[in-house]
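Structural characterization, general
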Amino acid sequence: MANQVNEPLFSAKNRKLLTDPLNTSNPITVQVLGICSALAVTAKMKPAFVMTLSVIMVLAIANVVISLLRNGIPPRIRIIVQLVVIASLVILVDQVLKAYVYDVSRQLSVFVGLIITNCIIMGRLEAFAMGNKAWPSLLDGIGNAFGYGWVLIAVAFFRELLGSGTLWGYQVIPNVLYDIGYKNNGFMILPPMALIIVGAIIWIQRSRNKQLIEAH
Amino acid sequence: MYSNSYVFRYAIIMVVVVAAVLSTAALLLKPAQDRNIAVAKMQGILAAAQVQATSSNAVDLYERYILEEIVIDPQGEVIGLYKNGAFETGDVRAFHIDLKKEQYNKAVGADFKMPLYYADIDGQKMYIIPLLGKGLWGPVYGNIALGEDFNTIVGASFGHDKETPGLGAEIEQVFFQEQFIGKKIMDESGKFVSVQVVRGGAAILPVSRQIHGVDAISGGTITSNGVSEMLESNLKNYIKYFKKQVNI
């Protein structure tokens with residue numbers, strides 16, 4: 001495919017790889033992947049943000065590595081190879097964090113390990129990186145990680161605001177409101193509420209995005 | 001189509017390469033990680049004494065404030081004292097005692113050692129006890145500082161490895177740890193009662209018991225119970241020593 005060699009780095013097709021996962025093919029709201037971590041880390045905004053950063057790192061690098069190896073990977077063990085790449089990257093990231101930024105590593109605690117189990121990552125390796133070149137794979141990885149991240153942060157925003165009355169750890173609901181009887185919604189910090197907020201986001205998205213509305 | 005032998009060769013080479021990369025990384029990074037762990041331990045001990053240390057000044061502050069490292073045996077006798085950078089008795093520093101190993105020794109009925117730190121924070125003298133227990137997903141740990149009466153809590157710090165963010169993980173927040181200040185671990189008759197982390201809040205306890213209770217974390221009940229359990233099981237090992245000190 002000679003025409004692809006000269007394709008500009010940010011051609012319309014490549015830009016679509018970055019922007020589509022933010023909306024039309026969003027990993028959480030459309031493909032309904034990565035729900036587990038979306039429930040687990042969204043009680044507060046800070047962990048949701050850190051999780052987003054970590055997923056961007058791991059997904060981008062794993063996509064590139066698998067894309068570079070794709071012609072040599074035997075199809076019968078490709079899932080194992082993908083898992084090995086993801087797990088090694090995650091362990092490596094974890095070790096480096098522990099050695100050089102111990103404080104950050106302590107804050108991340110479980111999240112780093114949770115990345116291995118994030119189905120979005122294996123989903124992208126299998127669906128995209130196995131059949132595409134390194135550069136589009138990198139864009140696809142970053143795009144999907146952002147698509148995952150904005151939903152996570154949006155969910156965390158509502159859960160932290162309504163559940164704890166804070167944002168990023170700072171109190172935003174004035175004490176005056178508490179004095180006249182306002183109460184934090186304790187249900188918000190429990191996982192079921194994350195599912196309901198994700199459901200609400202899906203509802204709003206489907207009502208506005210014509211491509212997602214089914215024919216019947 | 002790939003042959004079976006190719007698949008095997010590919011898998012073997014992949015595993016060897018990955019193992020080599022990861023073990024090299026682990027070996028190279030180990031000294032830096034161990035240093036970080038020791039510094040974090042000092043920060044935890046200082047935090048219980050209400051001294052906020054950063055990773056860069058923790059070693060200096062530890063040396064300035066922690067005057068004695070004491071090792072105690074199950075009978076409440078002092079078997080080790082490390083002071084001013086030298087041993088006065090014994091040959092094990094409290095700082096180097098592995099709580100996990102000692103708790104195992106206790107569980108199997110063997111002899112065990114307990115660490116205790118004596119600190120002087122600008123004139124306020126306190127005894128700091130390291131804690132180790134179980135949370136929901138992994139260990140919870142911490143340090144608790146008692147005043148000179150060996151009864152009133154003057155500070156506490158907690159940490160965890162894997163507790164749920166926003167729920168059990170909140171035990172490392174200041175608002176939770178501050179509740180412990182001023183609480184007492186012994187009742188009026190001098191009996192050890194520890195401090196309970198109470199689901200529903202310490203306010204539901206009878207008034208006379210409220211001095212031995214703090215509020216649990218909503219949605220973090222198992223972690224909160226783990227903290228109660230940890231305080232009870234660790235502190236009770238020191239009671240014999242405390243009684244001896246107070247009677248003097």
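Up top is the structure these notes are about.
Computed from a predicted model, the values in this text were never measured in an experiment.

Here's the deal with the overall build of chain A
Looking only at helices and strands, chain A has eleven helices and two strands in total. In chain A, the succession of α and β elements from N to C terminus is α-α-α-α-α-α-α-α-α-β-β-α-α. Across its three principal directions, the C-alpha atoms of chain A cover 70 × 55 × 30 Å. In chain A, which comprises 216 residues, the proportion classed as buried is 38%.

Thoughts on the nonpolar core
Counting residues in each nonpolar core, the largest one holds 101 residues, and the members touching the most others are Leu46(B), Ile128(B) and Ala145(B). Take this core: its biggest share by element is ten residues, from helix H4 (residues 45-69) of chain A. Dropping the residues within four chain positions of it, Leu46(B) is found in contact with Val51(B), Ala53(B), Ala58(B), Leu61(B), Tyr62(B) and Tyr65(B).

As for the environment of Glu88(B)
Locating Glu88(B) in the fold gives a position in strand S3 (residues 86-89). Residue classification places Glu88(B) among the exposed residues on the basis of 12 C-beta atoms within 10 Å.

As for the sheet that holds strand S5 (residues 124-134) of chain B
The strands making up a sheet associate through hydrogen bonds between their backbones, and the pairing can be parallel or antiparallel. Residues and elements named next belong to chain B. The strand order across the open sheet formed by seven strands is S3-S2-S1-S4-S5-S6-S7, and the pairing between neighbours is antiparallel. The sheet is open, and its two borders are formed by S3 and strand S7 (153-160), each paired with just one other strand. Averaged over neighbouring strand pairs, the angle between their axes works out to 25° when direction is ignored. As defined by bridge partners, strand S4 (residues 114-121) adjoins S5 across five bridges and the pair is classed as antiparallel. Following the sheet pairing, alanine 119 is matched in S5 by methionine 126. Along the sheet face, helix H5 (residues 221-235) touches S5, strand S6 (139-146) and S7 and points at about 120° away from the line of S5.

A closer look at the interface of chain A and chain B
Contact residues are listed per partner, giving 24 residues for chain A and 24 residues for chain B. Residue assignment for the side of chain A that touches chain B shows that the elements contributing at least two residues are helix H5 (78-100) and helix H6 (102-108) of chain A. Taken together, the residues that form the side of chain A that touches chain B break down as 16 nonpolar, four polar and four charged.

How each quantity is defined
- Residues numbered from 1 in each chain as written.
- Chains lettered and ligands numbered in written order.
- Predicted model: local features only at pLDDT ≥ 70, side-chain atom pairs only at ≥ 80, totals over all residues.
- Helix = DSSP H or I, 4+ residues; strand = E, 2+ residues; numbered from the N terminus.
- Buried ≥ 20, exposed ≤ 12 C-beta atoms within 10 Å, placed from the backbone.
- Core = buried A, V, L, I, M, F, W, Y, C linked by C-beta atoms within 7 Å.
- Contact = placed C-beta atoms within 7 Å.
- Pairing = 2+ DSSP bridges.
- Axes fitted to C-alpha atoms, helices over the stretch in contact; angles between N-to-C directions.
- Nonpolar A, V, L, I, M, F, W, Y, C, P; charged D, E, K, R; others polar.

Nothing here speaks to function; it is all geometry.
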